[in-house]
Every structure is written in structure tokens, then in C-alpha cells.
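Here is what each chain is made of, one letter per residue.
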Amino acid sequence: MSRNIIAIDTSTEVVAIGLGALEDGQVQVLGVGDIYAPRAALAQTLPRVSELLAAAGIEPAEIDMVVVGRGPGSFTGVRIGVSIAKGLAHGLGVPLFGVGTLDAIAWRVQPLAQAPMLVGVLGDAMRSEVYPALFRVSAQGVVRLEEDSVARPAEVVERWAALGEPCLLTGNALHKYRELFGATEHTAFSLAEEALWSPSGEALLAAFGAAWATGSQGSGDVAALLPVYTRASDAEENERKAAEKGGPR
């Protein structure tokens, strides 16, 4: 039996949407609706989902599961994506599964892997910080080597350069830090083409398919799925600082 999947991620400036089908344990891509839409995820996501379903001749009621990119990324973007995905899954009465946004970006470059290679994904964390994560990518798939975290770019340069291994870099933080990571003393770094720095609908489905194959996709419980932030938001930080000073909260 084939089960239809809608996958979305709004954690970056790209709204990534994929329509797939799970059959015999394999995820097939039926269509994608990716669009560059900075600060417009709320307005763009559901219309793009509707367009994608209509183009494939699939009714919303025929969706069997929802997949969402959980972040880390833009706080507002992550919240929009997770909120929309929860609303879709709850309204349709279907399970909701999450994949890491950085994992999806790593899957974006997986088709380039002629041999096993180290891939460093750098998400833009704002505040002069990045979300770094290392992956081992091969023709067989993507293996995560680091947990989600937040760090100063220079710290990540030092840590990854010390590995002494060629590392392909991708992720939207390179828009700000490509020169830092491309410094001549760190010749082990190379940059993926810019078109591959954000998640895509196809990559979301690939990441979910890999999780499904290993049974690590999660319970599907809509209420239990949580976004990945790795740190407090600006509002939460301001509230904490105000509390420490004894000011209004």
C-alpha cells in the first residue's frame, strides 16, 4: 500500500516543500514546490502545498503523513513550519514526523558523493553565530557525526580544520562566512555550490526515508513533536537579563 507524504521546512529563507509516496519501505518523490521566500513563509507555504497537491491530482484527504523540518534555523521560521505541520497533521488526523533541517541540507549534497566524504553544514544562527553539524556522506546515505549546537564561526573553523580531512561546506551561514571558511590556511575546506545551501523538498523526503528505513522516524505523535532551537530566543534572553537585574519581565 502506498502512503502519501507532504514534507515542509521553513527554517531558512527557502520554503521547501516535497510531495512523496512511501511504498514498500521506500520514499518516492512525486513533486517539489521549493520557493525562495524570505520572511514570507507564513503566506507562501499552504498555497504552495495546495498547488503541489493539485498538480499531482491528490486531494488533501489523501495525505497519510506529514513531515516537517524541526530546525535549527530562524526562530520564527522554525515556529511557522512546525505550527503549519502540526495544524495539517491534526486537521487531517495523520501522524507527524520531524527531520533535522541540517540533516536535510546534508542530504541535499548526498548525490554528489562519489566516495565517502566529510560534509560540514553551517546554519545561520544570527548574533554572529552559526549552527554547525558534521556528517559523513556517501553513496549509501548520510550519517550525522555531531549533535545540534550553536557556536562562533571562528571556533568552528578551528575545530573542523584540526580534523585534517577535506570537508565540503554547505548551509546558509556561508552567505556571511564564506570568506572566513575559505581562508587560505584552511585549504581542506571547499564550498558546495550556492544552490545547495538550503533544504529542499526532495532532501526532506530523502532524510525522512532514511529515518523510516532505520525505524528512527519517531512516534508520529503530533503533540510530542518539538522544534530544535539549541538556545534561547532573543525575547527569552531579554527576559532572563531583565529578571537578573530585577527589572520587569
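Rules behind the numbers
Residues numbered from 1 in each chain as written. Predicted model: local features only at pLDDT ≥ 70, side-chain atom pairs only at ≥ 80, totals over all residues. Heavy atoms only, no water. Helix = DSSP H or I, 4+ residues; strand = E, 2+ residues; numbered from the N terminus. Rg over C-alpha atoms; globule rule 2.2 N^0.38 Å. Buried < 20%, exposed > 50% of the residue type's maximum accessible area, 1.4 Å probe, protein only. Contact = heavy atoms within 4.5 Å. Salt bridge = Lys/Arg side-chain N within 4 Å of Asp/Glu carboxyl O. Phe/Tyr/Trp six-rings, centres within 6.5 Å; stacked < 30°, edge-to-face > 60°.

Peer 1: I would appreciate a short explanation of the overall build of the protein in the present structure.
Peer 2: When its secondary structure is counted, the protein shows seven helices and eleven strands. A globule of 249 residues ought to have a C-alpha radius of gyration of about 18 Å, and the protein, at 18 Å, matches this closely. Across its three principal axes, the protein shows a C-alpha extent of roughly 55 × 55 × 30 Å. Across the 249 residues of the protein, 50% fall into the buried class. For the protein, contacts bridging at least 24 residues in sequence account for 65% of all contacts bridging at least 6.

Peer 1: Looking at this model, I keep getting lost on the pattern of salt bridges. Mind explaining?
Peer 2: When charged atoms on two side chains of opposite charge get close, those side chains can pair. Taken as a whole and judged by the stated rule, the model has seven salt bridges. Arg48 is the partner of Glu51 in a salt bridge, and the nearest nitrogen-oxygen pair spans 3.7 Å. Placement of both Glu51 and Arg48 in helix H1 (residues 41-56) is noted, with a separation of three residues, approximately one turn of the helix. Between Glu194 and Arg178 there is a salt bridge, with the nearest N and O atoms lying 3.4 Å from each other. One end of the pair, Glu194, is in the loop between strand S11 (189-191) and helix H6 (201-214); the other, Arg178, is in helix H5 (residues 174-181), and 16 residues separate them in sequence. Relative accessible area serves as the criterion here: at 44%, Glu194 is assigned to the partly exposed category. According to the relative accessible area criterion, Arg178 is partly exposed, its value standing at 35%.

Peer 1: Sorry, what's going on with the packing of aromatic side chains here?
Peer 2: One pair of aromatic rings is described through two measures. These are the centre distance and the angle between the planes. Applying the stated criterion across every chain yields a total of five aromatic pairs. Ring geometry for Phe181 and Phe189: centres 5.9 Å apart, planes at 50°, overall tilted. Across this residue pair, the class does not change: Phe181 and Phe189 are buried. One aromatic cluster in this structure is built from Phe97, Phe208 and Trp212.

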